[in-house]
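The lines below spell out each chain.
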2 protein chains.
Amino acid sequence: MQFQLTDELIEKVEHLVAAQNDKELKNLLNEFHYADIAEILDELDLDNAVYLIKLLDSETTSDILTELDEDTREKVLGNLSAKEIAEEIEELDTDDAADIIAELSAERQKAVISEIEDEEHKAEITELLAYPEDTAGGLMAKELVKVYETWTVAGCLRRIRGQAKEVTRVHSIYVVNKEEKLIGRLSLKDLIVAKSEQKIAEIAKENVDWVNVHDDVEDVARIMAKYDLEAIPVVDNDQTLLGRITIDDIVDVLKEEAEKDYQLAAGLTQGVEADDSILDLTRARLPWLFLGLLGGVGAFIIMEGFQEAFNQYKMLFFFTPLIAAMAGNVGVQSSAIIVQGLANDDLKGSINSRLIKEMLLAALNGVILAIFLFLFVWIYNNEIDKALAISISLVAVIIIAGLIGTFVPLFLDKRGIDPAIATGPFITTSNDILGILLYFWIAKLILGI
Amino acid sequence: MQFQLTDELIEKVEHLVAAQNDKELKNLLNEFHYADIAEILDELDLDNAVYLIKLLDSETTSDILTELDEDTREKVLGNLSAKEIAEEIEELDTDDAADIIAELSAERQKAVISEIEDEEHKAEITELLAYPEDTAGGLMAKELVKVYETWTVAGCLRRIRGQAKEVTRVHSIYVVNKEEKLIGRLSLKDLIVAKSEQKIAEIAKENVDWVNVHDDVEDVARIMAKYDLEAIPVVDNDQTLLGRITIDDIVDVLKEEAEKDYQLAAGLTQGVEADDSILDLTRARLPWLFLGLLGGVGAFIIMEGFQEAFNQYKMLFFFTPLIAAMAGNVGVQSSAIIVQGLANDDLKGSINSRLIKEMLLAALNGVILAIFLFLFVWIYNNEIDKALAISISLVAVIIIAGLIGTFVPLFLDKRGIDPAIATGPFITTSNDILGILLYFWIAKLILGI
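Rules and cut-offs
- Residues numbered from 1 in each chain as written.
- Chains lettered and ligands numbered in written order.
- Predicted model: local features only at pLDDT ≥ 70, side-chain atom pairs only at ≥ 80, totals over all residues.
- Heavy atoms only, no water.
- Helix = DSSP H or I, 4+ residues; strand = E, 2+ residues; numbered from the N terminus.
- Rg over C-alpha atoms; globule rule 2.2 N^0.38 Å.
- Buried < 20%, exposed > 50% of the residue type's maximum accessible area, 1.4 Å probe, protein only.
- Contact = heavy atoms within 4.5 Å.
- Pairing = 2+ DSSP bridges.
- Axes fitted to C-alpha atoms, helices over the stretch in contact; angles between N-to-C directions.
- Phe/Tyr/Trp six-rings, centres within 6.5 Å; stacked < 30°, edge-to-face > 60°.
- Lys NZ or Arg CZ within 6 Å of the ring centre and 35° of its normal.
- Least-squares fit on C-alpha atoms with pLDDT ≥ 70 in both.
- UniProt positions renumbered as here; feature names shortened; annotations may be inferred.
- Buried area = accessible area lost by both parts, 1.4 Å probe.
- Salt bridge = Lys/Arg side-chain N within 4 Å of Asp/Glu carboxyl O.

## A look at the overall build of chain A
Point 1. The helix and strand tally for chain A stands at 22 helices and six strands.
Point 2. The C-alpha radius of gyration computed for chain A amounts to 30 Å, which surpasses the reference 22 Å derived for 449 residues by more than 25%, pointing to a less compact arrangement than a globule.
Point 3. Along the first, second and third principal axes, the C-alpha set of chain A runs to 90 × 60 × 45 Å.
Point 4. Every one of the 449 residues in chain A was classed for burial, and the buried ones make up 54%.
Point 5. Put simply, of all contacts in chain A between residues at least 6 apart along the chain, 65% involve residues at least 24 apart.

Structure below.
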């Protein structure tokens, strides 16, 4: 039962829209999951997409809107009135509703919010909009099933029927005391297997995981992955139950985090996809390429500066790409390991012990590689002094490159800056320059120039 | 309620183990989630870890075993007898049980399986072991709640109490016909809000997502993320219900996939963590560094080969690091975008159209960068011919590098090879060499050497 987005399907939809064959369109699209309809809409012209959004009922289109490509959604919303958007918002869970509204301009946000009829929904969305995007508060939804510790199991089941209609997936039922403070949890299964007259307080599990509304979403994701949770309640500093985060949102966070880190390591400044426009791709790629260009110019200036000293050692110039490449490769490896360790909260021990470990590791790797290089140079032209100069430089450069690759992400992380910035072109370019500088300086020293 | 793995805690545990203070240890550890106990065990000496595994009851230790670092688990299992391991296996869900057994040698696997007392459990685990690790069959568990379409709601609730005790999280209840074929699904919520005398066939939702037991886990992850699923049933080619995959396993798959891709892009050959031994880290890092070394030697040979031609154009040699660096950067960017696009199944259109797009994009970026470079060289030493030679070479090199970075991952993917191999040092090294070669060749042409 796999949905296939074929050209035929898209053409068929376009055809039906052009003919304004509403009945056929509804028949066709009602077969599909909203995520699949969103994929279709991403491929249509804007007019056709808006036509379909207005055609289908709000319950379906609201979900479709959440699944659309960000660019498509922006254009589609731009073609809907504030009232029409508010109608979609009414159908959504509060977290998705807040996310969509947050994408609008401040002015439009006010207009849309004022058109929301359900006062409770409006108040909840407004509350959620106040939280920063990358915190638990910005990710959570207000929809959850909450029971008081004083209720009985029977009374619980009765009241839950009402609450549960609102909540798409129940997961855990949260138990609060009369001050609305989170004190425990239950599952539907627990309720079903319990005796009707038991009090909630008796069967509730006290051991409930929670996150604070100000916690970083990456920490929330890590906790949920570690404890295999599918939903986690969000509380404020007084343990008042405020909302909950479900695992599907965390899966999205994990995917976006992984993509962001991967793109930073490749030297891309913003989220781009292969099918974005050439202009968007250029905007994402050019900045880091320009940094690389500056680094290359820096290398040129350094080499020019040393050219007198090396007139009799031309060969040493020819090894510059090798030195630069090794410095870059080692730096990239080191920074990648550190950045992953930071993301998984796996790093124990002090920065100093880590730097010492990296130094030993780089020294080991460097010496092994330098031996091969020494043998090559010696066999190639039988001059031990040159072979020594380049080999020893390689070891030194690898050690320094490894230390930089280890230190910079840790340093950034301690200052609250995303360490992933220090991967990719940043590391390769700076290590290239430092490597070349170090190489010539050491070679000069060894060869007595 | 955040668990903190402090040195004090580890010392306390080591102290209690040394004193063999079993009562205190149990009191202390029973407070913790098994994932946290696993973190503690990862930090202890092997003897202490094994002591704790033998001390705590199987229900807890079996879960702990699944959460241990792979290396720790290997050592711990090495210190348990086949019978002791079988006792842990009895407590685990079939998917975790199969995963742990699969890590043992073929000989030990047989020994452990023969010691499993529950015949049904043994048969199910044996069935799961037959599936390849990276397929739906290798990821799924046999535990699920299954009801027949002919039952009533009341009868269902009665029988579920028995099944549900086995299943940690119920999610959807799967509806089968009498031939055991999957025909629909229900949630516990649906059961609770329905009338007791209704038949399951009446309230079951026919629209049930499923995956085939032979599907790739990455496809399963993508489907579950796309449709916001928390569990998905696994069927064979005849739609017979075989098992189910839950979202927590997918979260693990997503994280492992992201880490693997990230590490390949950084030039690390196997899963390593920052805290692994220097030897393990060397084993992971050295191979790609050696490839970089070979590339550097190749660059040296090429430059040496061109040295006669360039005796009057020394400056051109000094730009070699720049050319190599740009070729590498562009290649890394292109391959990263393609690899991500492949992972998200986002790429539409033919390979040719993609290569043409990349050529235009690279040409645009290349020309912009070449203009800056031209101005720099011209201002630096007022020689237009050299400025032209290097700038035009830069454009050509960037275009070729972009095309290679786009083509190679696509080519590998079509041949069924992991395209992520073509990121990182593979691309940078090959692009360095090709870039330098192309640079000199074009410069020779332009300068008429």
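## A short note on the sheet that holds strand 3 (residues 182-187) of chain A
All names here are of chain A.
Point 1. Pairing in this open sheet of three strands is mixed, and the strands run 1-2-3 from one edge to the other. The open sheet terminates on both sides in strands that have one partner only, identified here as strand 1 (146-148) and strand 3. Neighbour-to-neighbour, the strand axes of the sheet open up by a mean angle of 35°, direction not taken into account.
Point 2. Alignment of strand 1 against strand 2 (residues 172-176), held across three bridges, turns out to be parallel. If you follow Lys146 over to strand 2, its bridge partner there is Tyr174.

## Let's talk about the packing of aromatic side chains
Point 1. Inspection of every chain in the model, using the stated rule, returns 26 aromatic pairs over all chains.
Point 2. Aromatic pair Phe374 of chain B and Trp378 of chain B: ring centres 5.9 Å apart, planes at 35°, arrangement tilted. You can see Phe374 of chain B and its partner Trp378 of chain B sitting in helix 20 (residues 351-381), four residues apart, about one turn around the helix.
Point 3. Looking at Trp378 of chain B, the relative accessible area reads 34%, which means it is partly exposed.
Point 4. What links up through ring pairs into an aromatic cluster is the set Phe300, Phe306, Phe317, Tyr439 and Phe440 of chain A together with Phe318, Phe319, Phe376 and Tyr380 of chain B.
Point 5. Sitting above the plane of the Trp151 of chain A ring, Arg159 of chain A keeps its charged end 4.0 Å from the centroid.

## Observations regarding the relation of the copies chain A and chain B
Point 1. Laying chain A over chain B is done by rotating through 180° and shifting 0.1 Å along the axis; what remains is an RMSD of 0.3 Å. When the rotation and shift are considered jointly, the pair of chain copies conforms to a two-fold rotation axis.
Point 2. In this assembly, 100% of the residues forming the interface of chain A have copies in chain B that are likewise at the interface, indicating an isologous arrangement.

## A closer look at the UniProt feature "transmembrane region" (unreviewed entry) in chain A
Residues and elements named next belong to chain A.
Point 1. Under the UniProt annotation, the feature "transmembrane region" (unreviewed entry) is placed at residues 286-303, 315-339, 359-380, 387-412 and 424-447.
Point 2. The span residues 315-339 is 96% helical and 0% strand by assignment, and the distance between its end C-alpha atoms comes to 37 Å.
Point 3. Secondary structure content for residues 424-447 is 96% helix and 0% strand, and the end C-alpha separation is 34 Å.

## Overview of the interface of chain A and chain B
Point 1. The interface is formed by 116 residues belonging to chain A together with 117 residues belonging to chain B.
Point 2. Interface of chain A and chain B: buried area, both sides summed, is about 10,800 Å²; carbon and sulfur atoms make up 62% of it.
Point 3. At the surface where chain A touches chain B, the tally comes to six salt bridges.
Point 4. The closest approach of N and O atoms between Asp36 of chain B and Lys226 of chain A, which form a salt bridge, is 2.5 Å.

## Examining the pattern of salt bridges
Point 1. All chains considered together, the criterion is met by 34 salt bridges over all chains.
Point 2. Among the ionic pairs, Lys260 of chain B bridges to Asp418 of chain B, the shortest N-O distance being 2.5 Å. On the criterion of sequence distance, the pair formed by Lys260 of chain B in helix 16 (residues 247-266) and Asp418 of chain B in the loop between helix 21 (384-414) and helix 22 (425-447) is long-range, its members being 158 residues apart.
Point 3. Judged by relative accessible area, Lys260 of chain B falls into the partly exposed class, the value being 28%.
Point 4. The class of Asp418 of chain B is partly exposed, set by a relative accessible area of 27%.
Point 5. Through salt bridges with shared partners, a single network forms among Glu257, Lys260, Asp261 and Asp418 of chain A.

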